[in-house]
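Listed below, chain by chain, are the residues.
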Amino acid sequence: MSTKNYISAICSIKNGKVFVNNTLDYTFTESNEPIDFFKSVYKHYQLNYPKFYKMDSLSKLAFIASEILLKTQAISKEHTPENIAIIIANSASSLEIDTEHQQTINDKANYFPSPANFVYTLPNILIGEIAIRNKIKGENTFFIFDKFDTLFMSSYINSLLNSKKASICVAGWVDFYENHYEANLYLVENSEKGLKSKHTAEELNKRITNN
Amino acid sequence: MNVFVAADNIISPLGFTSIENFENLKHLQTGVRFFETSDFSVEPVHAAVIDNEKIETEFKKLNTSNGYTKLEKMAILSIHKALEQNTTIDIKSEKTLIIFSSTKGNIDLLQPELKNKYDKKRLFLWETAKVICSHFQNPNTPLVVSNACISGVIALMLGKRLLEENSKYENIIVVGADIITHFVVSGFQSFKAVSTEIAKPYDAERIGISLGEAAGTIVLTNNVSAISTTSSILVKGGASSNDANHISGPSRSGDGLLLAIEKALEESNLKAEDIHFISGHGTATLFNDEMEALAINDAHLQNVPMNSLKSYFGHTLGAAGIIESVITLESMRKNTLIATFNFKTLGTSKPVNIISKTQEANLQNCLKTAAGFGGCNAAIVFSKQ
Amino acid sequence: MDALIDKLKGEIIEQLNLEDVKKEDINNDAPLFGDGLGLDSIDALELIVLLEKNYGIKVANPQDGKKIFQSIRTMAEYIQANQK
């Protein structure tokens, strides 16, 4: 499929590794706990955003991936907040923190639901976190797929850009459930920058699996 | 390509058809009731809950297998009843896509007593959507939107966009559903956001939300022959936005919602003065309703009649945007403005024209707005052809 | 009082996930919200849960939180006055 939109950068985080533009950028081997890994990424990249510690695991993962991604391109210089879109998807929604919230209410004798947990029981909160951090105000949608649907995502985001509903899009996949995690966040824009990789399903499939 | 409404339905405590729900609203009947004790709250609470027996009775009439969860039954019933309205829509066709809108789906399956009754997979929203889809033997993989309380409006907007750009589809069935669970009620209670009375949207004495459960369906089509020419309504434009301010608190300025409204009007080629009615979000929390009033003023829509249906249906989360849109469509067909139940005195710092008495009015273009956790906002415009 | 304040600081750091903050960083009289520790509305709700969970004190009206959570000291005073 032909397109005039390009993937300008991609950040992938999985199996204790961070890839920037499909090149290994950081490896963590000290523990198998995802949270230890996320915290070490936060420190390694000197992200300095104390709210990070308050986020649930899913938002932590989304946050570090978005920070590393957006360090590659100064998007706020070339795009107005209203024209930056965030379209992200996953498989498990917020089931990880959902399970935690359910456990705080199961026992009537020890019933202490936490508002700080409950707020994260919606997958799109991670979009909110990225939007707050980067002052992004444009189109935002969270999709749920069995597996990342690169065909739908690429065609929908291309149509957002082509119809001028956005001039750039932070897009991708952020999933966390039962210690399995994976993030692939990328930037799509209508000019050749950075990676200069055509924004098509085929190209996405390659870039997401070739780490 | 124009996108039309071909059929619609609401499954709620106020009825199982769009007409039944609309008639109840017209007569100021609310679905929100007081529960001294319940299995979804540790304290007394007001909520809009559908009678389980009624769901079972109606579902039995479909003569289908009974391996479905409560939420799936509600969604399936809603689609069936919408399709009864328009027999030209072929749900088994490759040209028909289902979009499912829900915040929590089958989240009740996390409860210890339901945990082992169904396959764990059913907790995943994509699986829930597939189950609904295969009931109707729809050949396409359904799309799932889970974007807090704007999910329904986003799903409709998405349906519109796919139908106008993508000739692959002729019909899109947008179905939204969420149920009352201890999960959701306890969460909003921990936020101290649940009203001790039936919610009072935009009122000076509003003290929080009432929760509810519902399923709703709107069938969209780009096939002109699928709609009756006398009363066709188009989806004209829509947009979403983010406050970029706080993950749970609404923007203090309303700038995010304003942006969504402006973009939706622009896409519809309409100006503020062309809008005849606003179906607001109106959760009846202090901050949400105030935020909306600011946005509505900045959009110069403060004189346009506006209501909230949250005091009739409760806040039905992923279904809200859809069922409130269905009532908007019915209001347009019947040229009737529905009063906001439980509204007496305006309680926002800027004026908004809250409908306090159900009345007739000629409705050509209407705006539906929504806002939700994560700082998200959405707006969509419906117009008569 | 000093012992309660010290204990409370530890509990707040844990409950609110203030990972970069140490007990000695929290001034007994500095505001908890806004410029002080930079807490927000969700933290205020979380502190209400903390009072109930650790001290058996129920705060029905979240608006009361504004007074109670002015500083660590006002919070400790409130606990002393209301604990059964």
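Heads up: the structure comes first, above all this text.
Residues numbered from 1 in each chain as written. Chains lettered and ligands numbered in written order. Predicted model: local features only at pLDDT ≥ 70, side-chain atom pairs only at ≥ 80, totals over all residues. Heavy atoms only, no water.

Caption draft 1: Expanded view of the overall build of chain C. Check the secondary structure of chain C and you find 4 helices and 0 strands. The secondary structure elements of chain C, listed N-terminal to C-terminal, are α-α-α-α. In terms of overall size, chain C behaves like a compact globule, its C-alpha atoms giving a radius of gyration of 12 Å where 84 residues would be expected to give roughly 12 Å. Over its C-alpha atoms, taken along the principal directions, chain C stretches across nearly 30 × 25 × 20 Å. Within chain C, buried positions represent 39% of all 84 residues. Contacts spanning at least 24 positions in sequence make up 56% of the contacts within chain C whose residues lie at least 6 apart. As presented, chain C carries roughly 4600 Å² of accessible surface, and 45% of it is formed by carbon and sulfur atoms. Charge-centre separation for chain C: the mean point of 10 positive side chains lies 7 Å from the mean point of 16 negative side chains. (Helix = DSSP H or I, 4+ residues; strand = E, 2+ residues; numbered from the N terminus. Rg over C-alpha atoms; globule rule 2.2 N^0.38 Å. Buried < 20%, exposed > 50% of the residue type's maximum accessible area, 1.4 Å probe, protein only. Contact = heavy atoms within 4.5 Å. Areas by Shrake-Rupley, 256 points an atom, 1.4 Å probe, with all protein chains shown as cover. Lys, Arg positive; Asp, Glu negative; His and termini not counted. Charge placed at Lys NZ, Arg CZ, Asp CG, Glu CD.)

Caption draft 2: Geometry of the pairing of strand 1 (residues 6-14) of chain A. Residues and elements named next belong to chain A. Of all 9 residues in strand 1, 9 are buried; the element is thus mostly enclosed. Relative to strand 8 (residues 197-198), strand 1 runs antiparallel, the two sharing 2 bridges. Bridge pairing links tyrosine 6 to lysine 198 in strand 8. Across 7 bridges, strand 1 lies against strand 7 (residues 180-189) in antiparallel orientation. Considered in strand 7, the bridge of cysteine 11 is made with leucine 185. Sheet topology places strand 1 next to strand 2 (residues 17-20); 4 bridges connect them, and they run antiparallel. Bridge pairing in strand 2 links cysteine 11 to valine 20. If you look at the hairpin formed by strand 1 and strand 2, you'll find 2 residues sitting between the two strands, and asparagine 15 has a positive phi there, around 50°. (Pairing = 2+ DSSP bridges.)

Caption draft 3: Inspection of unusual backbone geometry at higher detail. Residue and element names in this part refer to chain B. A positive phi is found at asparagine 63, a non-glycine position, where the angle reads about 50°. Looking at the element boundaries, asparagine 63 is found in the loop between helix 2 (52-60) and helix 3 (70-85). Notably, asparagine 342 is not glycine yet its phi reads approximately 75°, a positive angle. As for its placement among the helices and strands, asparagine 342 is situated in the loop between strand 12 (336-337) and strand 13 (353-354).

Caption draft 4: The sheet that holds strand 3 (residues 45-48) of chain B, seen in detail. Residues and elements named next belong to chain B. A sheet is described by the order of its strands in space; here 3 strands give the open sequence 2-3-7, paired in mixed fashion. Edge positions in the open sheet fall to strand 2 (32-35) and strand 7 (211-212), since each of these has one partner strand only. Where strand 2 lies against strand 3, 4 bridges are found, and the strand directions are antiparallel. Bridge pairing links phenylalanine 34 to histidine 46 in strand 3.

Caption draft 5: Inspection of helix 7 (residues 255-268) of chain B at higher detail. Residue and element names in this part refer to chain B. Over its 14 residues, helix 7 runs 20 Å from end to end, which matches the ideal 20 Å to within 8%, given 1.5 Å per residue. For helix 7, the secondary structure elements touched by its buried residues are strand 9 (233-242), helix 8 (286-298), strand 15 (365-372) and strand 16 (376-384). Phi turns positive one or two residues past the end of helix 7, at asparagine 269, with a value near 55°. (Expected span 1.5 Å × (residues − 1).)

Caption draft 6: Structural context of the pattern of salt bridges. Inspection of every chain in the model, using the stated rule, returns 36 salt bridges over all chains. A salt bridge links B:Glu330 to B:Lys334; its shortest N-O distance comes to 2.7 Å. Note that B:Glu330 and B:Lys334 are positioned in helix 10 (residues 320-334) at a spacing of 4 residues, about one turn of the helix. The exposure class assigned to B:Glu330 is buried, which follows from its relative accessible area of 4%. Judged by its relative accessible area of 36%, B:Lys334 is partly exposed. Salt bridges sharing partners connect three or more residues here, namely A:Lys165, B:Lys160, B:Glu164 and B:Glu267. (Salt bridge = Lys/Arg side-chain N within 4 Å of Asp/Glu carboxyl O.)

Caption draft 7: Broad picture of the interface of chain B and chain A. Between chain B and chain A, the residue contacts involve 52 residues of the former and 50 residues of the latter. Between chain B and chain A, roughly 4200 Å² of surface is buried when both sides are summed, and carbon and sulfur atoms account for 61% of that area. The residue B:Arg161 makes a salt bridge to A:Glu139 at a minimum N-O spacing of 3.0 Å. Counting every contact that joins chain B to chain A gives 25 residue pairs in polar contact (both at pLDDT 80 or more). Elements represented by at least two residues in the side of chain B that touches chain A include exactly helix 4 (125-135), strand 5 (143-145), helix 5 (151-165), helix 6 (182-190), strand 9 and helix 7 of chain B. The element best represented in the side of chain B that touches chain A is helix 6 of chain B, accounting for 8 residues. Split into classes, the residues belonging to the side of chain B that touches chain A amount to 26 nonpolar, 17 polar and 9 charged. (Buried area = accessible area lost by both parts, 1.4 Å probe. Polar contact = N/O pair within 3.5 Å; in protein donor to acceptor, adjacent residues only side chain to side chain. Nonpolar A, V, L, I, M, F, W, Y, C, P; charged D, E, K, R; others polar.)

Caption draft 8: Broad picture of the interface of chain C and chain B. Taken together, the contacts link 8 residues of chain C with 6 residues of chain B. Regarding the contact of chain C and chain B, the summed buried area is about 550 Å², with carbon and sulfur atoms giving 68% of it. At the junction of chain C and chain B, the tally comes to 0 salt bridges. For the pair chain C and chain B, the interface holds 1 residue pair in polar contact (both at pLDDT 80 or more). For the side of chain C that touches chain B, the per-class residue count stands at 6 nonpolar, 1 polar and 1 charged.

Caption draft 9: Local environment of the packing of helix 1 (residues 34-44) of chain A against helix 2 (residues 57-71) of chain A. Residues and elements named next belong to chain A. At their nearest, the axes of helix 1 and helix 2 sit 10 Å apart, and the two run at 30° to each other. When the axis of helix 1 is compared with that of helix 2, the two are roughly parallel. Here helix 1 runs over helix 2; the crossing is left-handed. Residues Ile35, Phe38, Val41 and Tyr42 of helix 1 pack against Ser57, Lys60, Leu61, Phe63, Ile64 and Ile68 of helix 2. Of the residues belonging to the contact of helix 1 with helix 2, the class tally is 8 nonpolar, 1 polar and 1 charged. (Axes fitted to C-alpha atoms, helices over the stretch in contact; angles between N-to-C directions. Parallel < 35°, antiparallel > 145°, perpendicular 65-115°, else oblique. Left-handed = near helix turned anticlockwise from the far one by under 90°.)

Caption draft 10: Representation of the side chain of B:Glu330 in the model. Side chain to side chain, B:Glu330 and B:Lys334 meet in a polar contact 2.7 Å long. Not counting residues up to four positions away in its chain, the partners in contact with B:Glu330 are B:Ile19 and B:Phe22.

Caption draft 11: Representation of the packing of aromatic side chains. Using the criterion set out here, one finds 28 aromatic pairs over all chains in the structure. Judged by centre distance (5.4 Å) and plane angle (45°), the ring pair of B:Phe191 and B:Phe373 falls under tilted. Pair noted here: B:Phe191 is in the loop between helix 6 and strand 7 and B:Phe373 is in the loop between strand 15 and strand 16, with a separation of 182 residues, a long-range link. As far as burial versus exposure is concerned, B:Phe191 and B:Phe373 are alike and both buried. Through successive ring pairs, a cluster of aromatic residues spans A:Phe28, A:Phe37, A:Phe38, A:Phe176 and A:Tyr181. Between A:Lys60 and the ring centre of A:Phe52, over which it is positioned, the NZ or CZ distance is 5.7 Å. (Phe/Tyr/Trp six-rings, centres within 6.5 Å; stacked < 30°, edge-to-face > 60°. Lys NZ or Arg CZ within 6 Å of the ring centre and 35° of its normal.)

Caption draft 12: Fine view of the nonpolar core. Core analysis: the largest hydrophobic core is formed by 198 residues, its most contacted members being A:Ile13, A:Val18, A:Ile64, A:Phe143 and B:Phe188. Looking at this core element by element, the count peaks at 9 residues for helix 2 of chain A. Built from parts of two domains, this core gets at least three residues from each of domain 1 (4-226) and domain 2 (233-384) of chain B. If you look at the next biggest cluster of nonpolar residues, it comprises 26 residues, including B:Leu257, B:Leu258, B:Ala272 and B:Leu301. (Core = buried A, V, L, I, M, F, W, Y, C linked by side-chain atoms within 4.5 Å. Domains from an automatic or database assignment.)

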